[in-house]
Number of protein chains: 2
Amino acid sequence: MTALAEIFKALGDPIRLEIVQRLSRGETFTIGDVSSDLGVTRQGARKHLQVLVDAKLVKLEPKGRDVYVRFETNSLDDAKAFIAEVEKRWDSRLEALRQFLEGE
Amino acid sequence: MTALAEIFKALGDPIRLEIVQRLSRGETFTIGDVSSDLGVTRQGARKHLQVLVDAKLVKLEPKGRDVYVRFETNSLDDAKAFIAEVEKRWDSRLEALRQFLEGE
DNA sequence: CTAATATGCAACTAAATGGTTGTATATACT
DNA sequence: AGTATATACAACCATTTAGTTGCATATTAG
């Protein structure tokens, strides 16, 4: 799969969206925290986190017996660029249509 | 599922990403065109399109025996806002860290 | 050293996904 | 009218996904 599609797919789940949002708010947490906070077993949490790791949105840092979840800086740049590009193209089409209709 | 997660999930597939991109480039096509252009059966194309319709990224307009695929204006706004928000928060955290380290 | 804690790895299940084929229906062409 | 075309709907299949439980391993606490 495309790297970009993989990023969107990783974001396409409420639990994973919540994880990313919490990270961006500066919250610090471990795999176990994700499990207890988001109401899923540790293994369930681990699987969601692996999806985010594979999409390079997140990295895992073992520290002692805990594993901390860290945000991967700049990981959303491609997704942002895609959306911006799509919207830009679409807007310029609408603008061209507007000018045509107004006869400019 | 959250409306937002549903949007990301809909974008989380190379074929659907391609459909959205083509629409934004101003291409005009029917369900049958998606099928032949993207190498999937009509029913396969139809299913992908339904995912995009459910996420409100696209609408289908029957015209005679054809069904045209149209881009749904502003449909990506929430996705864009989410990413912008996450990046903004993250950047301001990094900035705070920088200032702390530099002792400003 | 022993007990508790946090995770890893593997197996399993139910449901969703991505894809197909087959058949039916409506529209368009000659 | 009769044929070809574009789609709809349903059933089916293989794979992936989201979740679980069970057991093993490593680290921390007493």
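For the structure itself, consult the block above.
What counts, and at which threshold
- Residues numbered from 1 in each chain as written.
- Chains lettered and ligands numbered in written order.
- Predicted model: local features only at pLDDT ≥ 70, side-chain atom pairs only at ≥ 80, totals over all residues.
- Heavy atoms only, no water.
- Helix = DSSP H or I, 4+ residues; strand = E, 2+ residues; numbered from the N terminus.
- Expected span 1.5 Å × (residues − 1).
- Buried < 20%, exposed > 50% of the residue type's maximum accessible area, 1.4 Å probe, protein only.
- Arc of directions from axis to C-beta.
- Contact = heavy atoms within 4.5 Å.
- Buried area = accessible area lost by both parts, 1.4 Å probe.
- Salt bridge = Lys/Arg side-chain N within 4 Å of Asp/Glu carboxyl O.
- Polar contact = N/O pair within 3.5 Å; in protein donor to acceptor, adjacent residues only side chain to side chain.
- Nonpolar A, V, L, I, M, F, W, Y, C, P; charged D, E, K, R; others polar.
- Near = heavy atom within 4 Å.

### Quick word on helix α4 (residues 42–54) of chain A
Residue and element names in this part refer to chain A. For α4, which comprises 13 residues, the first-to-last C-alpha distance of 18 Å matches the rise-based estimate of 18 Å (1.5 Å per residue) to within 8%. Restricting attention to buried positions, one finds in α4 the residues Gly 44, Ala 45, His 48, Leu 49 and Leu 52. The buried side chains of α4 occupy one side of the element, clustering within an arc of 135° when seen end-on. Exposed residues on α4 whose side chains face more than 90 degrees from its buried face are Arg 42, Gln 43 and Lys 47. Contact partners of the buried residues in α4: α1 (3–11), α2 (14–24), α3 (31–38), β2 (58–63) and β3 (66–71).

### Some words on unusual backbone geometry
Residue and element names in this part refer to chain A. The residue Lys 56 is not glycine, and still its phi comes out positive at about 60°. Tracing the backbone through its elements, the reader meets Lys 56 in the loop between α4 and β2. What makes Lys 56 exposed here is its relative accessible area of 59%. Located in the positive-phi region is Asn 74, a residue other than glycine, with phi close to 70°. Along the chain, Asn 74 turns up in the loop between β3 and α5 (77–102). Asn 74 gets classed as exposed once you look at its relative accessible area, which sits at 53%.

### Considering the interface of chain A and chain B
On the side of chain B, 31 residues touch chain A, which itself brings 31 residues to the contact. A buried area of about 2,900 Å², summed over both sides, lies between chain A and chain B, and 72% of it is on carbon and sulfur atoms. Counting across the chain A and chain B interface gives 2 salt bridges. One salt bridge in this structure joins Glu87(B) and Lys80(A), with 2.6 Å as the shortest N-O distance. For the pair chain A and chain B, the number of links is 4 residue pairs in polar contact (both at pLDDT 80 or more). Broken down by secondary-structure element, the contributors of at least two residues to the side of chain A that touches chain B are α1, α2 and α5 of chain A. With 11 residues, α5(A) is the largest single contributor of residues to the side of chain A that touches chain B. Of the residues belonging to the side of chain A that touches chain B, the class tally is 17 nonpolar, 6 polar and 8 charged.

### With respect to the protein's contact with DNA strand C
Residues in close proximity to DNA strand C total 21 residues, the closest being Gly32(A), Arg46(A), Thr41(B), Lys47(B) and His48(B). Close to the protein, within 4 Å, the atoms of DNA strand C are drawn from sugar and phosphate at a rate of 68%. Between DNA strand C and Thr41(B), the relevant distance is 2.5 Å, taken from a phosphate oxygen to a side-chain nitrogen or oxygen of the residue. Secondary-structure elements contributing two or more residues to the surface near DNA strand C are α3, α4 and β3 of chain A together with α2 (14–24) and α4 (42–54) of chain B. Considering every element that reaches the surface near DNA strand C, the biggest residue donor is α4(B), with 4 residues.

### Observations regarding the protein's contact with DNA strand D
Near DNA strand D lie 21 residues; those nearest to it are Thr41(A), Lys47(A), His48(A), Gly32(B) and Arg46(B). If you look at DNA strand D and keep only atoms within 4 Å of the protein, 69% of those are sugar or phosphate atoms. Here a base nitrogen of DNA strand D sits 3.2 Å away from a polar atom, N or O, in the side chain of Gln43(B). At 3.0 Å, a side-chain N or O of Arg65(B) approaches a sugar or linking oxygen of DNA strand D. Sorting the residues of the surface near DNA strand D by element identifies α2 and α4 of chain A together with α3 (31–38), α4 and β3 (66–71) of chain B as the ones contributing at least two each. Ranked by the residues each element gives to the surface near DNA strand D, the list is headed by α4(A), at 4 residues. Here the residues of the surface near DNA strand D are counted per class, giving 4 nonpolar, 8 polar and 9 charged.

Don't take any of this as a statement about function, it's just geometry.
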